[in-house]
Amino acid sequence: MMHISLGGLDVSRLGLGAMTMSAFYTGANSDEAEAIRTMHRAFELGITFLDTAEIYGPYLNEELVGKAIAGRRDSVVLATKFGIVSHHGGGPGVFDSSPANIRIAVEGSLKRLGTDYIDLYYQHRVDPNTPIEDTVGTLAELVAEGKVRHIGLSEAGVETIRRAHAVHPITALQTEYSLWTRDPEAEILPVTRELGIGFVAYSPLGRGFLTGALRSTDHLAADDFRLQNPRFSPENLAQNLRIVDEVEAVAAEVGCTPAQLALAWLLAQGNDIAPIPGTKRVSRLEENAAADAIELTPAQLDRLNAIEPPAGDRYPDMTPLGR
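Residues numbered from 1 in each chain as written. Predicted model: local features only at pLDDT ≥ 70, side-chain atom pairs only at ≥ 80, totals over all residues. Heavy atoms only, no water.

Going by what an unreviewed UniProt entry lists, the protein chain is known as Aldo/keto reductase and is assigned to Kribbella deserti.

This is the structure in structure tokens:
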């Protein structure tokens, strides 16, 4: 597995998002033993960049990751996030990046993960009630204390990125990016590259859509997040199938799976981009990891780049994004 630098942090260029092992897509199929086997297999394949957050579960995902990395901590680059759980009575789902809340959050994450330091600590969403300078100032204190080694932002807008980076170097920005969502290309990627900030692409398989396995939502569990996602509404999904049709066609030409093609396309966008596909199954992990060896021709990249954007917004409520 090749490695890249995210703003000075060395990571495997494919990471592993652990979210789906405990939240949002689990249904009745959450299997802790299989999830841990998947993480251990990732380490064997050279994928050492793990992504979690306190909101996943909530808390359960960090506990799960903590079990998987026990005895292996020094060989793993561990990323987690704060800011969508208020520890002052608001609870999960409440944005809170106040200095006092960060202090509580980091101690909880360290305990659940079974470690005394976090490699990359992200603000999960921008808090409109706390100046970013105050948030990053507190994170800089955690870096000085050795509890955090690198600072990240997630779904932040251009102005916020610049203001944050002026307080303390931001190592990575995590935002949705794939053939399903190319929004960052217009403004965000130019700024992260100007400032030397790495880019972590979450949902690089379009929430499973780019695998070609999701042509209907009929089989999804009742609590599956995608049932509330505008792009998966019946009318939008019918239009968006043209995207996966083109992905499948190019994948057949390359001789790989649609998922591998989607990841290979992302990897071809630059050595400052680390996709973090999420899976809870060893077989899918191995399929994704093989994308590291795929090289697309200029003609194939042009064909994929020409795909029209999908119908529908990324989230039912887009207001918390891009601040």
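Q: Whenever I open this one, the nonpolar core confuses me. Can you help?
A: In summary, soluble globular proteins display a tendency toward joint burial of nonpolar side chains. Counting residues in each nonpolar core, the largest one holds 59 residues, and the members touching the most others are Tyr-121 and Phe-209. Counting residues in hydrophobic clusters, the runner-up holds 19 residues, among them Leu-16, Ala-35, Ala-42 and Leu-64. (Core = buried A, V, L, I, M, F, W, Y, C linked by side-chain atoms within 4.5 Å. Buried < 20%, exposed > 50% of the residue type's maximum accessible area, 1.4 Å probe, protein only.)

Q: Is there a simple way to explain helix H2 (residues 60–69) in this structure?
A: Count 3.6 residues to each turn of an α-helix, and residues three or four apart come out pointing the same way. When you tally the buried positions in H2, you get seven out of 10 residues, the bulk of the element. Along its buried surface, H2 packs onto helix H1 (32–44), strand S4 (49–51), strand S5 (77–82) and helix H3 (99–113). Note on H2: the residue one or two positions beyond its end, Gly-71, has a positive phi of about 80°. (Helix = DSSP H or I, 4+ residues; strand = E, 2+ residues; numbered from the N terminus. Contact = heavy atoms within 4.5 Å.)

Q: What's the story with the packing of aromatic side chains in this structure? I'm lost.
A: Given two aromatic rings, their pairing is described by the distance between the two centres and the angle made by the two planes. One pass over the structure, following the stated rule, counts seven aromatic pairs. Aromatic pair Phe-209 and Phe-232: ring centres 6.2 Å apart, planes at 80°, arrangement edge-to-face. Of the two residues, Phe-209 is situated in the loop between strand S11 (198–202) and helix H7 (234–254) and Phe-232 in the loop between S11 and H7; the sequence distance between them amounts to 23 residues. Pairwise contacts between aromatic rings join Tyr-177, Phe-199 and Trp-265 into one cluster. Just above the ring of Tyr-117 sits the side chain of Arg-149; from NZ or CZ to the centre is 3.7 Å. Directly above the aromatic system of Trp-180 lies the positively charged group of Arg-231, at a separation of 5.3 Å from the ring centroid. (Phe/Tyr/Trp six-rings, centres within 6.5 Å; stacked < 30°, edge-to-face > 60°. Lys NZ or Arg CZ within 6 Å of the ring centre and 35° of its normal.)

Q: Would you explain the pattern of salt bridges in this entry?
A: This structure, assessed with the given rule, holds 27 salt bridges. We note a salt bridge from Arg-37 to Glu-34, for which the minimum N-O separation is 2.7 Å. With a gap of three residues between them, Arg-37 and Glu-34 both fall in helix H1, about one helical turn apart. Here Glu-253 makes a salt bridge to Arg-303, at a shortest N to O gap of 3.4 Å. (Salt bridge = Lys/Arg side-chain N within 4 Å of Asp/Glu carboxyl O.)

Q: How do you make sense of the environment of Asp-51 when you look at a structure like this?
A: By secondary structure assignment, the location of Asp-51 is in strand S4. We classify Asp-51 as buried; its relative accessible area is 3%. Residues Asp-51 and Leu-220, 169 residues apart in the sequence, show an inter-C-alpha distance of 24 Å. Setting aside residues no more than four positions away along its own chain, Asp-51 makes contact with Leu-16, Gly-17, Ala-18, Met-19, Tyr-56, Ala-79, Lys-81, Tyr-122, Gln-174 and Ile-276.

Q: Got a minute to help me understand the sheet that holds S4 in this structure?
A: Across a sheet, paired strands are connected by hydrogen bonds in the backbone, their directions being either parallel or antiparallel. Overall, parallel pairing links the eight strands, which are arranged S3-S4-S5-S8-S9-S10-S11-S12 in an open sheet. In this open sheet, the two edge strands, each paired with only one partner strand, are strand S3 (16–17) and strand S12 (273–275). Across three bridges, strand S9 (residues 148–154) lies against strand S10 (residues 172–176) in parallel orientation. Of the residues in S10, the one forming a bridge with Gly-152 is Ala-172. (Pairing = 2+ DSSP bridges.)

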